[in-house]
Amino acid sequence: AADQRAPLVPYLKAALFAVIGSWNVWGVHVAVALMLGLAAVLLWLIGRRLGDGKAGLWGAFLFTLINYNLLNPMDAFTAHVGWFLIFFSTLGVWLFAIAFTGGGRWPAVLAGTAFGLSFLCKQPGLLDFGVTLVLSVIIMAAVPNRRRELRRTMILMVAAFAAVFGLTIIYFAANHALHDFFFYAWN
């Protein structure tokens, strides 16, 4: 475990240790490997949802190949903030793809929530969220008959993202730790 500046990851690790037992390093490696395996499945599902299952399979294959083979598993599968960011951002993109392809309002809300969690794992999660917003704007410009639907999707995603961040601020403020939250997470 390393790089604990992000506010969400220590809580995720505490939950993980509550399930697998304290100091269970092998269990952490297995949990991270399973989480990355689920991220690979999500990559495949994103490709399928957007009409190119073959690209999704290639994405999942390359993601798995790189993550499982470039580093020693004892180094690669530590529960650091980057893996949690990757998981929640991939989940957010999958949910965005569902919302984008007419999946309704809840996938948009859940996508914003996933990106909010990604951001709370590590700040670059905000950039991942921004990609979906930029894509929405580009698509709205290219396909005018979907503007209203995509605007609603964007509003729901931004509202959910803001709610996750707002609730985090409220939590730390209520525990008299807001200054510490900002210092350790962003200074």
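The model shown is predicted, which means the values in this text are computed figures rather than measured ones.

Chemist: Which parts of the structure should I look at to understand the nonpolar core?
Modeler: For soluble globular proteins, nonpolar side chains are generally found buried alongside one another. Grouped together as the largest cluster of nonpolar side chains are 25 residues, with contacts concentrated most on V9, V32, L36, F77, F84, F87 and C121. For this core, the elements supplying multiple residues, two or more each, are α1 (9–20), α2 (25–49), α3 (53–69), α5 (81–100) and α6 (105–121). With 8 residues, the top contributor of residues to this core is α2. Residues F96, A111, L133 and M140 belong to the second largest nonpolar core, which totals 18 residues.

Chemist: Is there a simple way to explain a nonpolar patch on the surface in this structure?
Modeler: A contiguous nonpolar patch, built from W58, F61, L62, L65, I66, L70 and L71 and spanning about 720 Å² of accessible area, is present on the exposed surface. Of note, L65 is situated in helix α3.

Chemist: I keep staring at α3 and nothing clicks. Help me out?
Modeler: Three or four residues apart is the spacing at which side chains of an α-helix point the same way, because the helix has 3.6 residues per turn. Here α3 contains 17 residues, and its C-alpha end-to-end distance of 24 Å stays within 8% of the 24 Å for a straight helix at 1.5 Å per residue. Three or more residues of α3 are buried, namely G56, A60, F63 and N67. When α3 is viewed along its axis, its buried side chains cluster within an angular range of 65° and face the same direction. With respect to the buried face of α3, the exposed residues turned more than 90 degrees away are K54, L57 and N69.

Chemist: Looking at this model, I keep getting lost on a positive patch on the surface. Mind explaining?
Modeler: On the surface, R105, R147, R148, R151 and R152 cluster together to form a positively charged patch. Top element by residues in the positive patch is helix α8 (residues 147–174). It accounts for 4 residues. As for its position among the elements, R151 is in helix α8. On the basis of relative accessible area, R151 is assigned to the partly exposed category, the value being 44%.

About the criteria used
- Residues numbered from 1 in each chain as written.
- Predicted model: local features only at pLDDT ≥ 70, side-chain atom pairs only at ≥ 80, totals over all residues.
- Heavy atoms only, no water.
- Core = buried A, V, L, I, M, F, W, Y, C linked by side-chain atoms within 4.5 Å.
- Buried < 20%, exposed > 50% of the residue type's maximum accessible area, 1.4 Å probe, protein only.
- Helix = DSSP H or I, 4+ residues; strand = E, 2+ residues; numbered from the N terminus.
- Patch = residues over 30% accessible without salt bridge, like charges linked within 9 Å, V, L, I, M, F, W, Y side chains within 5 Å.
- Areas by Shrake-Rupley, 256 points an atom, 1.4 Å probe, with all protein chains shown as cover.
- Salt bridge = Lys/Arg side-chain N within 4 Å of Asp/Glu carboxyl O.
- Expected span 1.5 Å × (residues − 1).
- Arc of directions from axis to C-beta.
- Lys, Arg positive; Asp, Glu negative; His and termini not counted.
- Charge placed at Lys NZ, Arg CZ, Asp CG, Glu CD.

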